[in-house]
Amino acid sequence: MKIHFNGAARTVTGSQHLLEINGSTLLLDCGLFQGRRADTYERNLNFDFDPAKLDAVLLSHAHIDHSGNLPNLVKSGFNGPIFSTPPTATLGEIMLMDSAYIQESDAAYVNKKRARRGEPAIEPLYTKADATAAIEQYYPIKYNQPFSPVPGVTVRFIDAGHILGSAAIRLDIEENGARKSLWFSGDIGRFGLPLITDPIMPSDVDYLMMECTYGDMEHFTVEQAYQSFSAIVKKTFDRGGKVIIPAFAVGRTQEIVYFLNQMITDGLISRVPVYVDSPLAVQASEIFQQYPDYFDEETNRFIREHRHAALDFDGLTYVSDVEESKKLNDKKGPMVIISASGMAETGRILHHLKNNIENPRNTVLIVGWQAPDTLGRRLVEGADQLRIFGQLYERRAEVQTITGLSAHAGQQFLLDYAAAVKGRVKKIYLVHGEQDAAAVFEGKLKEIGFDNIEYPDLKQVAEI
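What counts as what
Residues numbered from 1 in each chain as written. Predicted model: local features only at pLDDT ≥ 70, side-chain atom pairs only at ≥ 80, totals over all residues. Heavy atoms only, no water. Helix = DSSP H or I, 4+ residues; strand = E, 2+ residues; numbered from the N terminus. Rg over C-alpha atoms; globule rule 2.2 N^0.38 Å. Buried < 20%, exposed > 50% of the residue type's maximum accessible area, 1.4 Å probe, protein only. Contact = heavy atoms within 4.5 Å. Areas by Shrake-Rupley, 256 points an atom, 1.4 Å probe, with all protein chains shown as cover. Lys, Arg positive; Asp, Glu negative; His and termini not counted. Charge placed at Lys NZ, Arg CZ, Asp CG, Glu CD. Axes fitted to C-alpha atoms, helices over the stretch in contact; angles between N-to-C directions. Parallel < 35°, antiparallel > 145°, perpendicular 65-115°, else oblique. Nonpolar A, V, L, I, M, F, W, Y, C, P; charged D, E, K, R; others polar. Pairing = 2+ DSSP bridges. Left-handed = near helix turned anticlockwise from the far one by under 90°. Right-handed = clockwise from strand over helix to strand, strands pointing away. Salt bridge = Lys/Arg side-chain N within 4 Å of Asp/Glu carboxyl O.

(A) Structural context of the overall build of the protein chain. In terms of regular secondary structure, the protein chain is built from 14 helices and 21 strands. Taking 23 Å as the expected radius of gyration for a compact globule of 464 residues, we find that the protein chain reaches 22 Å, a close match to that expectation. Each of the 464 residues in the protein chain was classed as buried or not, and the buried ones make up 57%. Sequence separation of 24 or more characterises 75% of the internal contacts of the protein chain that already satisfy a separation of 6 or more. Total accessible area on the protein chain stands at roughly 19100 Å², and carbon and sulfur atoms take up 47% of it. Averaging the positions of the 47 positive and the 60 negative side-chain charges in the protein chain gives two centres separated by 5 Å.

(B) Seen up close, the packing of helix α4 (residues 86-116) against helix α8 (residues 279-288). Relative orientation of the contacting elements α4 and α8 amounts to 175°, with a least axis distance of 10 Å. Between α4 and α8, the angle is such that the two are roughly antiparallel. Counted together, Thr-90, Leu-91, Ile-94, Met-95 and Asp-98 of α4 and Leu-280, Gln-283, Ala-284 and Ile-287 of α8 form the full contact between these two elements. Each residue belonging to the contact of α4 with α8 can be placed in one class, and the counts come to 6 nonpolar, 2 polar and 1 charged.

(C) Fine view of the sheet that holds strand β3 (residues 24-28). Strand order in this open sheet of 7 strands is β6-β5-β4-β3-β2-β1-β21, and the pairing throughout is mixed. Each end of this open sheet is capped by a strand with a single partner; those strands are β6 (138-140) and β21 (461-463). Within the sheet, the average angular offset between the axes of one strand and its neighbour, ignoring direction, is 25°. Judged from the 5 bridges that link them, strand β2 (residues 16-21) and β3 form a sheet pairing that is antiparallel. Pairing of Glu-20 across the sheet is with Thr-25, part of β3. The sheet strands contacting α4 are β5 (82-84) and β6, and the helix crosses β6 at an angle near 150°.

(D) Representation of the packing of helix α13 (residues 411-419) against helix α14 (residues 435-447). Two elements in contact, α13 and α14, have axes whose closest approach is 11 Å; the angle formed by their N-to-C orientations is 50°. In this view, α13 runs oblique relative to α14, as classed from their interaxial angle. Note on packing geometry: the crossing formed by α13 with α14 is right-handed. The segment α13 lies against α14, with Gln-411, Leu-414, Leu-415 and Ala-418 engaging Val-440, Phe-441, Lys-444 and Leu-445. Of the residues in the contact of α13 with α14, the class split is 6 nonpolar, 1 polar and 1 charged.

(E) Looking closely at the pairing of strand β19 (residues 427-431). Of all 5 residues that make up β19, 5 are buried, and the element is covered over most of its length. The side-chain alternation of β19 yields two buried faces, one formed by Lys-427, Tyr-429 and Val-431 and the other by Ile-428 and Leu-430. As judged from the 5 bridges shared by strand β10 (residues 207-211) and β19, these two strands associate in the parallel manner. Bridging across to β19, Met-210 finds its partner in Leu-430. Relative to strand β20 (residues 453-454), β19 runs parallel, the two sharing 2 bridges. Its bridge partner lying in β20, Tyr-429 is registered against Glu-454. The parallel pair β19 and β20, bridged by α14, forms a crossover whose chirality is right-handed.

(F) View of the pattern of salt bridges. Inspection of the entire model under this criterion finds 19 salt bridges. Here Lys-180 ties to Glu-175 by a salt bridge, and the two come within 3.4 Å at their closest N and O atoms. Across the pair Glu-398 and Lys-235 runs a salt bridge, and its minimum N-O distance is 3.4 Å. Remark: Lys-235 occurs in helix α6 (residues 222-238) and Glu-398 occurs in strand β18 (residues 398-401); sequence separation between them is 163 residues. Judged by its relative accessible area of 19%, Glu-398 falls in the buried class. Here the salt bridges share partners, and the residues they tie into one network are Arg-114, Arg-117 and Glu-119.

(G) View of the sheet that holds β10. What the 6 strands build is an open sheet, ordered β7-β8-β9-β10-β19-β20; its pairing is mixed. The open sheet has two free edges, formed respectively by β7 (153-159) and β20, since each of these has just one partner strand. Where strand β8 (residues 167-175) meets strand β9 (residues 178-184), 7 bridges bridge the pair, whose relative direction is antiparallel. When the sheet's bridge partners are listed, Ile-169 is paired in β9 with Phe-184. Docked against the sheet, α13 engages β8, β9, β10 and β19, running at close to 170° with respect to β10. Most of the contacts of α14 go to β19, to which it runs at about 160°, and overall it touches β10, β19 and β20.

Structure representation (structure tokens):
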């Protein structure tokens with residue numbers, strides 16, 4: 001068996017790992033690499049294998065850095081099944097179409113500039129038609145239901161507790177008369193996150209391939225994050241301001257809505273208008289409500305006791321129409337506006353920041369990691385002036401950051417995750433993490449007795 005580390009190797013994004021087993025090939029995830037525009041197009045366009053010869057894809061979850069290059073894979077000749085959990089398949093329908101729209105829009109924008117320079121036009125990485133073709137190849141499988149995508153391999157999706165439908169992938173393999181097992185963590189969630197169930201730990205596996213995004217740091221607890229969040233919201237409301245929250249449409253937005261609902265119910269904040277201004281987030285929230293069986297007991301009890309859905313309460317408005325979105329800027333606070341994108345790079349959040357960043361009554365609340373060279377990172381770093389749509393604005397609004405809302409495990413839980421297979425596991429492969437985080441985490445793993453750890457290079461091949 002060979003593992004080709006074709007993505008999320010020595011970086012966080014673009015999860016993609018090719019397995020060669022018994023003459024068959026499986027792909028674990030097919031994510032978009034996300035970074036500087038100049039670097040991403042060519043890297044995402046070309047695969048290091050022939051997609052037409054690929055037998056199947058095993059998909060951990062719907063986030064674009066894990067699923068977003070599936071339309072290009074299909075466009076390049078892959079016609080096999082894409083196995084995922086049912087919520088991941090349903091979320092994939094809206095996320096891949098949204099991603100295709102972005103690919104087409106970005107290509108159109110770039111081509112305008114290329115045309116002015118007399119350069120030939122580029123094609124979008126993929127189109128809505130390509131996304132539709134990929135969606136048709138999804139094959140949903142429930143948690144813990146064994147299936148065999150290729151001869152000699154039995155697969156199970158195990159709840160990863162990261163977002164709705166997220167899964168670790170366990171492969172039990174029989175090859176050349178020998179048996180071995182591989183556990184791919186996907187993105188590892190956290191205990192106590194709102195809405196979704198807690199992650200299940202790995203057990204009895206020979207090889208562990210795991211993420212290490214936050215291998216160098218610990219998060220605040222979810223309860224600490226909740227208390228901090230409510231205090232920031234109350235303080236802003238007391239001065240008549242708006243709370244503007246850039247948030248990813250799938251996962252983070254729904255968690256924030258749940259928290260706000262709970263704060264109002266608990267009497268921690270007054271009942272004021274809450275707007276979710278993102279068409280993708282609106283669609284995603286509707287999908288969340290289609291899968292109550294995937295909610296945790298706390299959420300289901302909350303729904304039972306208060307007799308309304310956790311993601312649909314009095315005062316909450318989901319905004320899809322662009323004209324309705326524009327009208328929010330004429331409304332006076334207090335209120336909460338949650339809008340995409342999570343790093344404040346594209347989408348409607350830019351309009352809300354433009355219209356609210358110079359008002360000292362308002363608060364911009366950052367609730368997740370911000371990549372370098374993004375507007376979100378500049379906000380976190382305290383920039384006094386911000387360029388939005390090419391125009392400079394003075395930052396007079398308060399900017400606050402809450403780190404405890406991350407859907408990724410922090411260092412201690414990552415260590416606990418690995419320790420769950422101590423004594424059985426033969427090797428740990430660290431993926432989905434930057435080099436500094438991986439180095440710290442590798443050191444921590446060695447402190448608790450692990451000595452066979454590898455942090456693979458991009459395109460490295462391991463034989464097990």
